[in-house]
Amino acid sequence: MTGAAVTTANPPVRRLADWSADRLHDLADEHGTPLYVVDVERVRENAARLRESFPEAAIDYAVKANARKPVLGAIAAAGFGAECASAGEVVRACEAGFSEIRYTAVNPPARDLDRVVEVADEHEITITVGALDTLDALAERDWSGEIYVRVNPGVGAGHHEKVRTGADPKFGIPIDRAAAAVRDADERGFAVEGLHAHAGSGILDTEDLAAHRALVKRMSELADEIANMGIDLDAVSVGGGFGVPYHDTEAPLDVDALARATREAFSADAQLGIEPGRYLVADAGVLLAAVTTVKPTPETTVIGVDAGMTTLARPALYDSFHEIRSLATTAEDRETIAATVAGPVCESGDVLGRDRELPAPERGDRLAVGNAGAYGYEMASTYNSRPRPAVVALDGDRSELCVRRETIADLGGLER
């Protein structure tokens, strides 16, 4: 939104106050609400900062954070690879021009494997295997290409228990069995290119950084053990999960300190790999909503808006905090009240924010919800038969509608 050139000197986190209220109003006038806005220029800035901190690392973008075309195109142009969680993300990454694509198969459905193997005939795809029987499934499809082995390192970190993957048995082969799994894959003719592990999502504070450092150390030791078996690995990816402070009272992630800690703990004779997602896109996006109802109650003032848990699932799913700002032109002149910002879904969990100090609202006001660039539109649903919102991409002074608003007619389009 600033129009500044790409630089690593920008503030680590963009807050809602840094977005132009006038421009957001103009976008809402043109495209309606609810509306996601993503700033591609900010994505480039975040990518440049990360590359500066990790100059020698293989950086693969976690596509699940935001898979909109302008975002993918900008990150591919930055020279990053793509780390994909589904066949659909693999196809999107191919279309966006990523030269290095890895599919991390977590309990992969047969149709996903079929599609990825098909795509691999025309693109270089590496598959990350988190269970030995996935090797069987690949062999059944006559595929014996390059693989990573996903390891469960036994250490997790992150902002919520639902995203602390590093110690969850769902993810990866237990670290004490991983070397044997690599040997098995090698003997079966698969080209084992690397190892992969992921502690969790939202690594931000000292405790999380300690868990990340422990993960890196364990993975390095495992890589050394595998090298002693006579199997050379090209890379060891220690995942992503680099956090963004959603509360304005939280200090931003010191990415340089994270990089130093990672390098200090990494001793493997292989290239270090990281897989950031949220860090690249979270503060590059906002969600715009319109006030539809103002209801004073004995407990709070309920501000009803046209965006809810079907638009932004994170507050309902993880009890996540997102900053909320009134865009009303007279906001500074209004009384400040304690309010609950709630959506239109008939669920008590359909709340975007509780106990927020906001200017007294009026119907028709617009609110902006911050740090919505990661896992915002990607998690949107059509629950209650509510169409998903539109998405606008900004790039300097230009704006582009990159996802049109769904209609009710769209919702029935798949029915027979």
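Residues numbered from 1 in each chain as written. Predicted model: local features only at pLDDT ≥ 70, side-chain atom pairs only at ≥ 80, totals over all residues. Heavy atoms only, no water.

- By the naming in an unreviewed UniProt entry, the protein chain is Diaminopimelate decarboxylase, taken from Halococcus thailandensis JCM 13552.
- Among the UniProt annotations of the protein chain, the heading Function (unreviewed entry) holds the following wording: "Specifically catalyzes the decarboxylation of meso-diaminopimelate (meso-DAP) to L-lysine."
- UniProt, in its Subunit (unreviewed entry) section for the protein chain, records the words "Homodimer." (UniProt positions renumbered as here; feature names shortened; annotations may be inferred.)

## Here's the deal with the UniProt feature "modified residue: N6-(pyridoxal phosphate)lysine" (unreviewed entry) in the protein chain
And then number 1: Taking the UniProt record as the reference, the feature "modified residue: N6-(pyridoxal phosphate)lysine" (unreviewed entry) is found at Lys 64.
And then number 2: For Lys 64, the location among the structural elements is in the loop between β2 (58-62) and α3 (69-77). (Helix = DSSP H or I, 4+ residues; strand = E, 2+ residues; numbered from the N terminus.)

## Section: the nonpolar core
And then number 1: Grouped together as the largest cluster of nonpolar side chains are 106 residues, with contacts concentrated most on Phe 54 and Leu 195.
And then number 2: By residue number, the principal contributor to this core is helix α8 (residues 206-228), which donates six residues.
And then number 3: Per-domain counts for this core show at least three residues from each of domain 1 (16-38 + 282-406) and domain 2 (40-280).
And then number 4: Setting aside chain neighbours within four positions, we find Phe 54 in contact with Ile 59, Phe 242, Val 255, Leu 258, Ala 259, Thr 262, Arg 263, Leu 272 and Ile 274.
And then number 5: Leu 16, Leu 27, Leu 288 and Leu 394 belong to the second largest nonpolar core, which has 15 residues in total. (Core = buried A, V, L, I, M, F, W, Y, C linked by side-chain atoms within 4.5 Å. Buried < 20%, exposed > 50% of the residue type's maximum accessible area, 1.4 Å probe, protein only. Domains from an automatic or database assignment. Contact = heavy atoms within 4.5 Å.)

## Some thoughts on a negative patch on the surface
And then number 1: A grouping of Glu 100, Glu 124, Glu 146, Asp 224, Asp 232, Asp 234 and Asp 269 is seen on the molecular surface, where their side chains present a negatively charged patch.
And then number 2: Tracing the chain through its elements places Glu 146 in strand β6 (residues 146-152).
And then number 3: Overall, the relative accessible area of 37% leaves Glu 146 in the partly exposed class. (Patch = residues over 30% accessible without salt bridge, like charges linked within 9 Å, V, L, I, M, F, W, Y side chains within 5 Å. Areas by Shrake-Rupley, 256 points an atom, 1.4 Å probe, with all protein chains shown as cover. Salt bridge = Lys/Arg side-chain N within 4 Å of Asp/Glu carboxyl O. Lys, Arg positive; Asp, Glu negative; His and termini not counted. Charge placed at Lys NZ, Arg CZ, Asp CG, Glu CD.)

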